[in-house]
Structure formats: structure tokens, C-alpha cells
Amino acid sequence: MLKIPISCSHASYDVLVGGGLLTHSGDLVAKILAPSRCAVVTDSNVARHYLQPVLASLKNVGFKPITLVVPSGERSKSFRQVYNLCHSMVVAGLDRKSVLFSLGGGVIGDLSGFAAAIFQRGIPLVQLPTTVTAQVDSSVGGKTGVNVAAGKNLIGAFHQPQLVIADPLTLNTLPNREYWEGFAEIVKHAIIQDMAMLKTLSPERPKDLSALIARNITVKSALIASDEGDKSGLRALLNFGHTIGHGIETAAGYGSLFHGEAISLGIIAALWLSKRFSGLLQSDLEYIARILQRLSLPIVLPDRILTDSVLTTMRKDKKFEQGKPRFVLTHRLGSAYLSDEVDLQDARSAIEFLRKLQPN
Ligand code: NAD
Ligand code: GLY
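Here is a short report on the structure shown in this document. Quantities reported herein were computed from a predicted structural model and do not represent experimental measurements.

## Examining helix α2 (residues 44-60)
An ideal rise of 1.5 Å per residue puts 24 Å on 17 residues; α2 measures up with 24 Å between its terminal C-alpha atoms. The sharpest bend along α2 measures roughly 60 degrees and falls at Tyr50, with the proline Pro53 sitting one to four residues further on. Buried within α2 we find Val46, Ala47, Tyr50, Leu51, Val54, Leu55, Ser57 and Leu58. Elements that come into contact with the buried residues of α2 comprise α1 (25-30), β3 (37-43), β4 (64-70), β5 (99-104) and β6 (125-129). Gly62 occupies a position one or two residues after α2 and carries a positive phi of about 105 degrees.

Below you can see the structure in the form of C-alpha cells.
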């Protein structure tokens, strides 16, 4: 088992990574939290594979779980589902000492993490991530929230988990598309801080992702440790590819392009802007485009997603401040900085570039 300690201004906790850990979640959690009534929130796909072992493990150490299953997919990251979860927890008699377990991908983590943040003004949260995206990124750092029609993650709260248990064996049941979309966040982490990581990636599914997961969490942990509340501009570097990426994801219609697929396109757009504003080499852009393609991620924007729709949704994004977009750019792969020199016309050109790239 690998253990990555996370230490930020409001919380310290561990991320545990290892094959088979999910079936020991009860024992691992009981070391830090007293057994209580609790809610296990998951989605319909994940419930089929992993709900029973988690329930058994929690009951074994004295937790008394209720189970809340939401429909799978991005559309569940909604106010309606937050209300349903909170309502069910009230009806079941959960209280401030109850624990919420998020068992699933980023959708479940963000949605139920937000419910944990506001239920009785905040109850303990344990993240049990089961997708690549959730294990390398979303389960760590405390960003929780839901989407509204106008944009992604516009309603939310910071709520750090007490523990994260990432079991890479759960990734074996992910279908291919759902598996590879998670690699967009890995490529993002590489571009902003750890380019050597790209050399470890292969287009075949690796046998054990533990080391790669730990490496990604290490990149993220340094940035959240120094800027937990996303205020100084350091944590914002984790948004590389997300300004246009979120715009594309929302404009496509939630669930149409997966999050990681939209971020793959957003990464190419951010590289194009980096070339224009920061002197990034064309060969670097092409190198990353080849890697994204080898990982089955898209690099060409589908015609049905209109540039104006992407720009309209982008304007509502949290990364817009005082009417101006904030973009994360890179002078040189492996480092990144926050820029306010990109305007909407430049963003339009970057989106249009996504229609012209020739896949190899
Ligand atoms: P997801 O949660 O929708 O999961 C993808 C699909 O895989 C779903 O259909 C799910 O039911 C299924 N699934 C999950 N685990 C499975 C398993 N082990 N076996 C079989 N099927 C399984 O998508 P995601 O990519 O994990 O998360 C995307 C979300 O994460 C987006 O909403 C994005 O905004 C958010 N996100 C948040 C942060 C953050 O810091 N909070 C960071 C990155 C992404
Ligand atoms: N996923 C971006 C962040 O956690 O800040």
C-alpha cells in the first residue's frame, strides 16, 4: 500500500493507494473515525460491482450504513440529486457524527462531497474513488459541487475528505472509453509539472496503476498544500486545459463528451494559446497531441459543437474574472503560469484551431 499524506491549511489526511484496499475500507476508516450511522453514496454502475464488499467491510467494524444510489453520469451532478441525498439522510436519521462515503467516479465524489459539506453544516467525508479521473485527481483536494445548465461546477463548496482509499483493481471494470478519459488529467499534471511521467504511459492498459496514481496525487498535493482555497493562482495551474475544456463539455450537453474528452480538447487549445503568447514550440504541441491520440483521447472538435456556444458557456465559468478569462499557459512543457493576456477573440481562434488539427 502507498500512502500520500495531504496537508493543507484546514485539513490533513492520507490518500491510500493499493490493489484490494476497498474490501478493507472498514478497517482503514475505523482507525480514524468512530463507527457510526453512515451513508454510502454511489451510482448504478458502481453499485453493481463494489457496493456489497464496501457495505460488508463497514458493517464488520460496526458502521451502520444506508445506501443511496443515483443514476450514473454527469447529469446527476445536479441540485436535484443534492436535495434527494440530503432528504434521504434526514429521513434515515443521520446526524452530525454520521459519515458520508463517496463510492464512485468524479461525479459521485463531487455530488456527494457537496452533500457532505452542507448536511447539518458539514459531516465527515471519505472518498472511495473508482475511476482513473477520481483516483488521480478529483477525490483529493476538497473541491465539491454541482453543475447548472449555464456551466460546470458553478455551485459548490470546499470540503476536504478525512481519508481517500484508491483501489486500482476497481479500474478493471471500467469500459475503455471511461478508462482512457481519465488520462486527460494525467497529461495535464505532466504538462504543468512532471513531463517525465508521460514516458511511463502506454496505449495498453497497464497491469497496476498504483505508482502512477501516487505520482499524480503528489503533483496535486503540492499545489493544494500551498493554495487550498484556490486564491493565490498556484492551485489554478490545475485548471490547465479547463477554461475551454469546460466550455466544450457544457456546450456539447452534459454526458455527451466525457469530462476527460473535453479536457483533452481544452489541453490542445491551451497549448495553441501558449504557442501564440508564450513561445511554446509547435513540436511540443504536436508531441502532446500525439500522446493524447495514443491514449484514445480526442484532439479534433466535432462540428456539431458550435464555437459561439463554447464561448457563451465559457463566459459563465469561474475562471472568468471581471469579464476577462484567466488562462493557464505554458512557456515550456513541465511548467505553467496564470495569464490574463488572452481575450475572447484569442479564445475563439483557439477553438477554431481544434477543427483544423489533422489526427495522425
Ligand atoms: P463519472 O463519475 O461519471 O464516471 C464515469 C463512468 O464510469 C460512469 O458511468 C460511472 O458509473 C462508471 N464507473 C465508475 N467507476 C466504475 C468502475 N470501477 N467500473 C465500472 N464503471 C464505473 O466520471 P469521472 O470521469 O470519474 O468524473 C468526471 C467528473 O469529475 C466531472 O464532473 C468533473 O467535473 C469532475 N472532476 C472534479 C475534480 C475535482 O477536483 N473535484 C477534478 C477532476 C474532475
Ligand atoms: N481539479 C482542480 C482542482 O482541484 O483545483
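So much for the structure itself; the text now carries on.
## Quick look at the site of ligand 1
Residues in close proximity to ligand 1 total 27 residues, the closest being Asp43, Gly106, Thr131, Thr173 and Glu181. Measuring from an oxygen atom of ligand 1, one finds a side-chain N or O atom of Thr131 at 2.6 Å. Computed on the free molecule, ligand 1 has an accessible area of 870 Å², of which 92% lies beneath the protein chains in the complex. Listing elements by their share of the shell around ligand 1, those giving two or more residues are α2, α4 (106-118), α5 (132-138), β8 (151-158) and α6 (176-181).

## Comments concerning the environment of Ser296
Relative to the helices and strands, Ser296 is located in the loop between α11 (282-294) and α12 (307-314). Take Ser296: its relative accessible area is 51%, and that puts it in the exposed class. Separated by 116 residues in sequence, Ser296 and Trp180 have C-alpha atoms that sit 6.5 Å apart.

Reading guide: rules and limits
- Residues numbered from 1 in each chain as written.
- Chains lettered and ligands numbered in written order.
- Predicted model: local features only at pLDDT ≥ 70, side-chain atom pairs only at ≥ 80, totals over all residues.
- Heavy atoms only, no water.
- Helix = DSSP H or I, 4+ residues; strand = E, 2+ residues; numbered from the N terminus.
- Expected span 1.5 Å × (residues − 1).
- Bend = angle between axes of the 7 residues up to and from the residue.
- Buried < 20%, exposed > 50% of the residue type's maximum accessible area, 1.4 Å probe, protein only.
- Contact = heavy atoms within 4.5 Å.
- Near = heavy atom within 4 Å.
- Polar contact = N/O pair within 3.5 Å; in protein donor to acceptor, adjacent residues only side chain to side chain.
- Areas by Shrake-Rupley, 256 points an atom, 1.4 Å probe, with all protein chains shown as cover.

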